[in-house]
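What the coordinates show
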Amino acid sequence: MPNLLVSVADPAEAVRAAAAGADLIDAKDPTAGALGALPVETIRAIREAVGRSRTVTAVIGDLIDSAGVLDAAERVAATGVDMVKVGLFPGPDRAGLVAELGRRLGSRTRLVGVLIADRAPDLALVPAAAAAGFAGIMMDTEGKAGGLLSATGPAERAAFVALARRHGLMVGLAGSLRIADIAGLAALGPDLLGFRGGLCEDFDRRRPLVMDRVAEAAAACRAAGSGRRLVGSPPAALGLTA
Ligand SMILES: O=C[C@H](O)COP(=O)(O)O
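Described in the following lines is the structure provided in the data block. The model shown is predicted, which means the values in this text are computed figures rather than measured ones.

1. A few points about the site of the ligand
- What surrounds the ligand is a group of 15 residues, the closest being Ser7, Lys28, Lys144, Ser176 and Arg205.
- Contact distances for the ligand include 2.9 Å between an oxygen atom and a backbone N or O atom of Gly197.
- Burial of the ligand by the protein chains amounts to 99% of its free accessible area of 300 Å².
- At the level of elements, β1 (3–8) and β8 (192–195) are the ones that each hand at least two residues to the shell around the ligand.
- Split by residue class, the shell around the ligand holds three nonpolar, five polar and seven charged.

Listed below in structure tokens is the structure:
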């Protein structure tokens, strides 16, 4: 069963998405890019509003410069979210960046690397993330018109999930997913599926979430079989403690 990750823009949306069945609440500014960062005060408010019943994640922004990535990851980790999602956009020495993120932050938070499916993702970063102590790895897209299903083929998605599994990483898929995609993607065995646009008014990720759609997505994930639940802060299924 994939866990349902829903990106939210503010504390009110976070509380409603959790009530509608989201397993992970992902703090993100959907108007500021694929992995747009919210102000740290808003991330903290989301963390507090949701409480300990849900896993809370947050993104750090669509950043490339390694120093900027490290600074932003530090700031977001300090908010007390359960996981910090770091976009691994193409740039110089990504393996070095992953190793440095692990060194600086690995003992303070659970890092999740996000490979950008429509920007020639480097799969060598999957073992690098595992070696650096990351908790997980995801694929998402920068472009939101076609999303993951047009940026990747079925074999590529299956190989990514299998590679992450082999390296002991929690693994997630995202990128303009729709509820109808859940059953097919769940068959690959990811730990989580991430949504924003597919659950929003007019399928526009900048507009508010439609809570009936969040509930429908949660039900589709539950119907898709059994697997480890990542609900709770910290997510006990990862074998990590607070
Ligand atoms: O991490 C999940 C993302 O927020 C997915 O956003 P999207 O469904 O609009 O591509």
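2. So, the sheet that holds strand β2 (residues 24–27)
- Strand order around the closed barrel formed by eight strands is β1-β2-β3-β4-β5-β6-β7-β8, with parallel pairing between neighbours. With strand direction ignored, the average angle separating the axes of adjacent strands in the sheet is 25°.
- Strand direction decides the pairing type here: strand β4 (residues 83–88) and strand β5 (residues 110–116), joined by six bridges, are parallel. Opposite Val86, over in β5, you have Gly113 as the bridge partner.
- The strands touched by helix α1 (residues 11–20) are β1 and β2; relative to β1, the strand with the most contacts, the crossing angle is about 160°.

3. Remarks on the environment of Arg47
- Along the chain, the position of Arg47 falls in helix α2 (residues 40–50).
- Sequence-wise, Arg47 and Leu185 are 138 residues apart; in three dimensions their C-alpha atoms are separated by 28 Å.
- Residue contacts for Arg47: discarding those within four places in its chain leaves Arg52, Arg54, Val56, Thr79, Gly80, Val81, Asp82 and Ser233.
- A polar contact is formed between the side chain of Arg47 and the backbone oxygen of Gly51, at a distance of 2.6 Å.
- Within the structure, Arg47 has its side chain in polar contact with the backbone oxygen of Arg54 (distance 3.4 Å).

4. Remarks on the layout of surface pockets
- Estimates place the volume of the second largest pocket at around 240 Å³.
- Lys144, Gly175, Ser176, Leu177 and Gly197 are the residues nearest the centre of the second largest pocket, which is lined by 20 residues in total.
- Counting only elements with at least two residues in the lining of the second largest pocket, the list comes to β1, β6 (136–140) and β8.
- Its residues assigned to classes, the lining of the second largest pocket shows seven nonpolar, six polar and seven charged.

5. A few points about the packing of helix α3 (residues 66–77) against helix α4 (residues 94–105)
- It is at 11 Å that the axes of α3 and α4 come closest, and there the two elements cross at 30°. One way to sum up the angle between α3 and α4 is to call them roughly parallel. Between α3 and α4 lies a crossing of right-handed hand. Two secondary-structure elements touch here, α3 through Ser66, Val69, Leu70, Ala73, Glu74 and Ala77 and α4 through Arg94, Leu97, Glu100, Leu101, Arg104 and Leu105.

6. Some remarks on the pattern of salt bridges
- Counted according to the given criterion, the structure contains 17 salt bridges.
- The partner of Asp140 in a salt bridge is Lys28, with the nearest N and O atoms 4.0 Å apart. Placement of Asp140 in strand β6 and of Lys28 in the loop between β2 and α2 is noted, with a sequence separation of 112 residues between them. No difference in accessibility class separates Asp140 from Lys28, as the two residues are buried.
- Arg165 is the partner of Asp191 in a salt bridge, and the nearest nitrogen-oxygen pair spans 3.2 Å.

Rules of the game
Residues numbered from 1 in each chain as written. Predicted model: local features only at pLDDT ≥ 70, side-chain atom pairs only at ≥ 80, totals over all residues. Heavy atoms only, no water. Near = heavy atom within 4 Å. Polar contact = N/O pair within 3.5 Å; in protein donor to acceptor, adjacent residues only side chain to side chain. Areas by Shrake-Rupley, 256 points an atom, 1.4 Å probe, with all protein chains shown as cover. Helix = DSSP H or I, 4+ residues; strand = E, 2+ residues; numbered from the N terminus. Nonpolar A, V, L, I, M, F, W, Y, C, P; charged D, E, K, R; others polar. Pairing = 2+ DSSP bridges. Axes fitted to C-alpha atoms, helices over the stretch in contact; angles between N-to-C directions. Contact = heavy atoms within 4.5 Å. 1 Å grid on protein atoms, 1.4 Å probe; cavity = no way out; pocket = protein on both sides within 12 Å on 5 of 7 lines; lining within 4 Å. Points joined across faces, edges and corners; volume = space filled by probe spheres on them. Parallel < 35°, antiparallel > 145°, perpendicular 65-115°, else oblique. Left-handed = near helix turned anticlockwise from the far one by under 90°. Salt bridge = Lys/Arg side-chain N within 4 Å of Asp/Glu carboxyl O. Buried < 20%, exposed > 50% of the residue type's maximum accessible area, 1.4 Å probe, protein only.

Function cannot be read off these values alone, since they describe shape.
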